[in-house]
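If you want the building blocks of each chain, they are given just below.
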Amino acid sequence: MAAQQGPVVIVGAGQAGGWVALTVRSLQPDRPVILIGDEHHPPYERPPLSKDVLAGKAAPESTYLKPLAHYAESGIDLRLGSRVAAIAPDDRTVTLSTGERLGYGQLVLATGMSPRPLVIPGADHPRVRTLRSMQDLAPIRQLLAPGHKVVCIGAGFIGLEIAAVAARSGCAVTVLEAAPAALGRVVSPEVSAALVRRHEQNGVAFRFGASVISIQDKSGMAEIELAGGDSLAADLVIVGIGGMPNCKLAEAAGIDCDNGISVDAEGRTSEPSIYAAGDVCRQFSLALGRTIRLESWQNAQNQAIAVGKHIAGVPEPYADLPWFWTDQYDDNFQIIGAPERWDRVVWRGMPDDDKFTAIYLDNGRVVAGNTLNNARDIRPLRQMIIDQAVVDPAVLQDTETALIKIQKLQAAI
């Protein structure tokens, strides 16, 4: 184990920052660890906010990585409601907004991302909301009343998840998307259409190719003006048009950034004593062989654990394949892999089935997969992608043979 050299200071007390702190503490019990967060909650997982927590099926506290008391009991100095104003890499210090200066041996930036703002007139209307943190929940919940009109701008994961909760709450829901399909950047058109149909069966309306040009107040409601002259009135407008990495602190300190804080495969930035973890970092992926920025539960946990291990002197290569999942209505949808291209999608099941697996091929090689209510196929798909397996499409389509068996037979060849 590497010698301990000064405190580990972590900026950002979300899921990634929390896992760095917990990992370092487990491996170096006596090393000072300071975890700084601008929220007033201990580290928590964000994905449940737009699903079970928003729906009232789970308490906010159920998302905590550890109970608040755990941090003091384990010797982690958790500074909630605190903000870092500046980093001085040459001095190895950070300055808090209060003026307090803290020295560090290693610094970890886990500053996450912020929702991309809707830059149009009227975007500051009080009924226009985003969902990223605990404090965003209450104003959204109070407007998810039966009969209310809800408009989700953006058909990504957040927009679709909130649309599902709103529909189940008895709201009339419309999803507006500028692109021609939902989740268009990450799934095939056929898979996208299958997911949209399941929403439509629950009463959700979609308008693709929709361009929102302004939002006006109409007797307290939000009136959304679309290019072409149409308009929609809404009790609640949810904006889910992507996220922006919180890089300003790093940029001001002279750390290399490119749509995220640039890090190597170990999570180290251009400043040797500074690391980054989670949504904010653009990392070199050993699994994909290219740089990528990921906004996912899996990456926020596992990449952060890898950073913590490296800081503690027990490095392990972080080579996870990107893995995403979402729960909408009673459906579980998962994505494994992040291909830059594919030329064929092979189906196990049919798009309108209650469960299916879609396998993405590039020149015959398995590069990604999607499952609907068929999570058992994720593990063999993951291994096929890692093995760069080339499998006969007719074999992949044979639902009489379990995919795990196909994968093992292929691996034995």
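For the structure, check the block above.
Read on for an overview of the structure. (Residues numbered from 1 in each chain as written. Predicted model: local features only at pLDDT ≥ 70, side-chain atom pairs only at ≥ 80, totals over all residues. Heavy atoms only, no water.)

Time to look at the overall build of the protein. Per the secondary structure count, the protein includes 10 helices and 26 strands. The C-alpha radius of gyration computed for the protein amounts to 23 Å, which stays within 12% of the reference 22 Å derived for 413 residues, consistent with globular compactness. Along the first, second and third principal axes, the C-alpha set of the protein runs to 70 × 55 × 35 Å. Evaluated residue by residue, the protein yields a buried proportion of 50% over its 413 residues. Carbon together with sulfur atoms contributes 49% to the accessible area of the protein, which is approximately 18200 Å² in total. (Helix = DSSP H or I, 4+ residues; strand = E, 2+ residues; numbered from the N terminus. Rg over C-alpha atoms; globule rule 2.2 N^0.38 Å. Buried < 20%, exposed > 50% of the residue type's maximum accessible area, 1.4 Å probe, protein only. Areas by Shrake-Rupley, 256 points an atom, 1.4 Å probe, with all protein chains shown as cover.)

Let's shift gears to the sheet that holds strand β3 (residues 76-80). Across the sheet, which stays open at both edges, the five strands sit in the order β3-β2-β1-β7-β19 with parallel pairing between neighbours. This sheet does not close on itself; its edge strands, each paired only once, are β3 and β19 (274-276). Strand-to-strand, the axes of this sheet are offset by a mean angle of 15°, without reference to chain direction. Strands in contact with helix α1 (residues 15-27) are β1 (8-11), β2 (33-37), β3 and β7 (106-109); relative to β2, the strand with the most contacts, it is inclined by about 170°. Across the sheet, helix α7 (residues 297-311) touches β1, β7 and β19, and the angle it forms with β19 is around 160°. (Pairing = 2+ DSSP bridges. Axes fitted to C-alpha atoms, helices over the stretch in contact; angles between N-to-C directions. Contact = heavy atoms within 4.5 Å.)

Before going further, it helps to examine the state of the cysteines. Across all of its chains, the model carries zero disulfides by this definition. Looking at the unpaired Cys257, the closest cysteine sulfur is the one in Cys247, lying at 4.4 Å. The class of Cys257 is partly exposed, set by a relative accessible area of 25%. (Disulfide = S-S within 2.5 Å.)

Note: β2 against β3, five bridges, orientation parallel. Bridging from a neighbouring strand, Ile36 pairs with Arg79 of β3. Tracing the backbone out of β2, into helix α2 (residues 68-73) and back to the parallel element β3 gives a crossover that is right-handed. (Right-handed = clockwise from strand over helix to strand, strands pointing away.)

Attention now goes to the pairing of strand β12 (residues 205-208). Two strands pair when backbone bridges link them, and strand β11 (residues 172-177) and β12 are joined in this way by four bridges, in the parallel orientation. Bridge assignment links Val175 to a residue of β12, and that residue is Phe206. With helix α5 (residues 189-200) bridging β11 and its parallel neighbour β12, the resulting β-α-β unit is right-handed.

On to the sheet that holds strand β22 (residues 323-328), then. Taking strand neighbours across the sheet as the criterion, the five strands line up as β22-β23-β26-β25-β24 in an open arrangement whose pairing is antiparallel. Each edge of the open sheet carries a strand with a single partner, namely β22 and β24 (344-348). Pairwise comparison of adjacent strand axes, ignoring direction, gives a mean angle of 20° for this sheet. Taken strand by strand, helix α8 (residues 378-387) contacts β22, β23 (331-336), β25 (356-362) and β26 (365-372), and its axis lies near 165° from that of β26.

On to the packing of aromatic side chains. What the rule picks out here adds up to five aromatic pairs. Residues Phe206 and Phe208 carry aromatic rings whose centres are separated by 5.6 Å and whose planes lie at 15° to one another, so their mutual orientation is stacked. Both rings, one in Trp342 and one in Tyr360, keep their centres 4.8 Å apart while their planes meet at 90°; by these two values the pair is edge-to-face. Note that Trp342 is positioned in the loop between β23 and β24 and Tyr360 in strand β25, a separation of 18 residues in sequence. Of the residues examined, Tyr360 reaches a relative accessible area of 1% and is grouped as buried. Each member of the aromatic cluster is reached from another via a ring pair, and the members are Trp297, Trp323 and Trp325. (Phe/Tyr/Trp six-rings, centres within 6.5 Å; stacked < 30°, edge-to-face > 60°.)

In terms of nonpolar packing, the biggest core is built from 49 residues, with Leu54, Leu144, Val150, Val173, Val191, Phe333 and Tyr360 touching the most fellow members. When residues of this core are assigned to their parent elements, the largest contribution, seven residues, is made by helix α4 (residues 157-168). Contacts of Leu144, omitting those with residues within four sequence positions, involve Leu54, Val150, Val165, Ala166, Ser169, Cys171 and Leu236. Within the second largest apolar cluster, 23 residues are counted, among which are Ile34, Leu109, Ala253 and Val263. (Core = buried A, V, L, I, M, F, W, Y, C linked by side-chain atoms within 4.5 Å.)

Here α7 contains 15 residues, and its C-alpha end-to-end distance of 21 Å stays within 8% of the 21 Å for a straight helix at 1.5 Å per residue. Burial analysis of α7 places 12 of its 15 residues in the buried class, which makes it a mostly covered element. Residues of α7 that are buried make contact with β1, α1, β7, β19, β20 (281-285) and β22. (Expected span 1.5 Å × (residues − 1).)

Moving on to the pattern of salt bridges. Tallied over the full model, the rule gives 18 salt bridges. Residue Arg132 pairs with Asp279 through a salt bridge whose shortest N-O separation is 3.1 Å. Placement of Arg132 in the loop between β9 (128-129) and α3 (137-141) and of Asp279 in the loop between β19 and β20 is noted, with a sequence separation of 147 residues between them. Accessibility classification places Arg132 together with Asp279 in one group, the buried group. Overlapping salt bridges, with partners in common, bring together Asp77, Arg79 and Glu100 in one network. (Salt bridge = Lys/Arg side-chain N within 4 Å of Asp/Glu carboxyl O.)

Keep in mind these values describe shape, not function.
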